[in-house]
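For reference, the chains in residue letters:
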Amino acid sequence: MLMMNGNKLAKLHYMAGQFRMLASGDHVLCAISGARIPLDELRYWSVAKQEAYASAEFSVEAALGKR
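Residues numbered from 1 in each chain as written. Predicted model: local features only at pLDDT ≥ 70, side-chain atom pairs only at ≥ 80, totals over all residues. Heavy atoms only, no water.

Colleague: I would appreciate a short explanation of the packing of aromatic side chains in the present structure.
Modeller: The description of an aromatic ring pair rests on the distance of the ring centres and on the angle between the ring planes. Considering all chains together, one arrives at two aromatic pairs under this definition. Aromatic pair Phe19 and Trp45: ring centres 5.5 Å apart, planes at 85 degrees, arrangement edge-to-face. Taken as a pair, Phe19 in strand β2 (residues 18-23) and Trp45 in strand β5 (residues 44-46) lie far apart in primary sequence, 26 residues in all. Pairwise contacts between aromatic rings join Tyr14, Phe19 and Trp45 into one cluster. (Phe/Tyr/Trp six-rings, centres within 6.5 Å; stacked < 30°, edge-to-face > 60°. Helix = DSSP H or I, 4+ residues; strand = E, 2+ residues; numbered from the N terminus.)

Colleague: Is there a simple way to explain the environment of Arg43 in this structure?
Modeller: For Arg43, the location among the structural elements is in the loop between β4 (36-38) and β5. Put simply, Arg43 and Leu12 are 31 residues apart on the chain and 13 Å apart in space, counted from C-alpha to C-alpha. A polar atom in the side chain of Arg43 sits 3.0 Å from the backbone oxygen of Asp40. (Polar contact = N/O pair within 3.5 Å; in protein donor to acceptor, adjacent residues only side chain to side chain.)

Functional significance is not addressed by these values, which are geometric in nature.
Below, the structure written as structure tokens:
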């Protein structure tokens, strides 16, 4: 039987255009807002900072150092 990772925080390594799962889970947290981001909805992250963002706006905010 396939085990589901429901409601478990994943640990990821962010790379250009993709990420690698280091610890299984179903979501990550936005580095700016703290919002839960399901892995299938994760679109924005920083390779340099190794953090995820819930939206393009949060990604720009982080890049501009406005957090």
